[in-house]
Amino acid sequence: MESEGLHMSIDYVGSSGIILSTEQKAALQSSLVILRNNYKFERVLFWGKILGVKNDYFIVQGVGKDELKERKTLYSQDCIHWGLLPVVTTKMRNECSFVKGRFTGDPSYEYEHTETAKVDNQDGEKGEGGEEENTILIKEEDRLATTIEAIDYDVRIVPRGAFLRTATAAVKKNRSFEGLSVADSGKLSSYFHFRDPVLFIKKSLLQKSELDKAIDFLDPIDADVPRGGSWSIHFERGSGLVTLRSLHWIGFSFFHVPGTRKYGYIYVGTGNKNLDLPFML
């Protein structure tokens, strides 16, 4: 959610049990302004919090001119001093997939993973020379970066029309966006994954004629698997507020005030995906 007006926006997700202390709000309000100036960001978003055993990680993201591609992620444990997370690589994703359980809260902590591989014998016969063990050290800082990337890919969402793609393929905020209607805000098809589109959804000619290429360039969340069971949607304050909660990543909450430009999301959780969801439905 936007760093500007954070103390007010956080109240919209209060029903999900997400709160910040007065000290944390005050520290964030001042430090994020400094962060934006130091890194020359267009905007700074408070992403949320990863809960650790010893300490928690507060996460923010800085956005450049292209809202989708120019993004940097930073973390802090005191809401004042911030460190830049590394860019996620394929190697990091593969190695971090072996790590399970809670975060420790120490970014320099190293997990150990032992791999067993068969080696060739002296005659060159493959796999006949016994087994060899290799120990891989995985930094918690790398695991934090890959977890945030996975959460963003799965559940970072925006209302339809909030962003548009220009003729140069850059993604920018839509200044003419005035919010969803009450009727549309209750439909999953009105919300899009804010990521590079990956799905090819077959649509009828009638449906295609209703699409706007400038704003309908993202994947709708109503196609998420399992269909109809990935999200829970609720109206609050009558019809004055709609909240969506992810059932894949417990702790992710999105809010939108229908008829206004107010929307945002936050994640507060352990950073572990709910892999049991298909068996819970």
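What counts as what
Residues numbered from 1 in each chain as written. Predicted model: local features only at pLDDT ≥ 70, side-chain atom pairs only at ≥ 80, totals over all residues. Heavy atoms only, no water. UniProt positions renumbered as here; feature names shortened; annotations may be inferred. Helix = DSSP H or I, 4+ residues; strand = E, 2+ residues; numbered from the N terminus. Buried < 20%, exposed > 50% of the residue type's maximum accessible area, 1.4 Å probe, protein only. Areas by Shrake-Rupley, 256 points an atom, 1.4 Å probe, with all protein chains shown as cover. Lys, Arg positive; Asp, Glu negative; His and termini not counted. Charge placed at Lys NZ, Arg CZ, Asp CG, Glu CD. pLDDT = per-residue confidence, 0-100. Contact = heavy atoms within 4.5 Å. Expected span 1.5 Å × (residues − 1). Pairing = 2+ DSSP bridges.

- An unreviewed UniProt entry annotates the chain as Radial spoke head protein 9 homolog originating from Exaiptasia diaphana.
- Its UniProt record gives the chain the following Sequence similarities (unreviewed entry) comment, quoted word for word: "Belongs to the flagellar radial spoke RSP9 family."

### So, the overall build of the chain
Here comes step 1: On a plain count of helices and strands, the chain comes out with seven helices and 15 strands.
Here comes step 2: Seen through its principal axes, the chain has C-alpha atoms that stretch 70 × 55 × 40 Å.
Here comes step 3: For the chain, with 281 residues in total, the buried portion stands at 45%.
Here comes step 4: Entry remark: accessible area of the chain is about 15,300 Å², with carbon and sulfur atoms responsible for 52%.
Here comes step 5: Of the side-chain charges in the chain, 36 are positive and 39 negative, and the distance between the mean point of each set is 9 Å.

### Some remarks on the confidence of the model for the chain
Here comes step 1: Scored by pLDDT, the chain has a mean of 90; 91% of the residues are at 70 or more.
Here comes step 2: Of the regions scoring below 50 in pLDDT, residues 200–209 engages in four contacts with residues more than four places distant in sequence or in other chains.

### Regarding the environment of Leu275
Here comes step 1: Residue position: Leu275 is located in the loop between β15 (263–269) and α7 (277–280).
Here comes step 2: Owing to a relative accessible area of 61%, Leu275 belongs among the exposed residues under this scheme.
Here comes step 3: A sequence separation of 36 residues divides Leu275 from Ser239, and the C-alpha atoms of the two residues are 32 Å apart.

### Here's the deal with helix α4 (residues 140–155)
Here comes step 1: Over its 16 residues, α4 extends 22 Å from the first C-alpha to the last, a length consistent with the 22 Å expected when each residue adds 1.5 Å.
Here comes step 2: Most of α4 is tucked away: twelve of the 16 residues are buried.

### Quick word on unusual backbone geometry
Here comes step 1: Residue Pro226 is reached from Val225 by a cis peptide bond, and omega for that bond is -5°.
Here comes step 2: Mapping Pro226 onto the fold places it in the loop between β11 (219–220) and β12 (231–236).
Here comes step 3: With phi around 60°, Lys40 is a residue other than glycine that occupies positive phi space.
Here comes step 4: Here Lys40 is to be found in the loop between α2 (22–39) and β1 (43–50).
Here comes step 5: The backbone of Cys79 sits at a positive phi, close to 65°, despite the residue not being glycine.
Here comes step 6: Along the chain, the position of Cys79 falls in the loop between β3 (71–76) and β4 (83–84).

### As for the sheet that holds β4
Here comes step 1: If you trace the eight strands from one edge of the open sheet to the other, you get β4-β3-β2-β1-β15-β14-β13-β12, paired in mixed fashion. Every other strand in the sheet has two partners, leaving β4 and β12 as the edge strands with one partner each.
Here comes step 2: The pairing of strand β2 (residues 57–63) with β3 spans six bridges and is classified as antiparallel. Among the inter-strand pairings, Val60 is bridged to a residue of β3, identified as Leu74.

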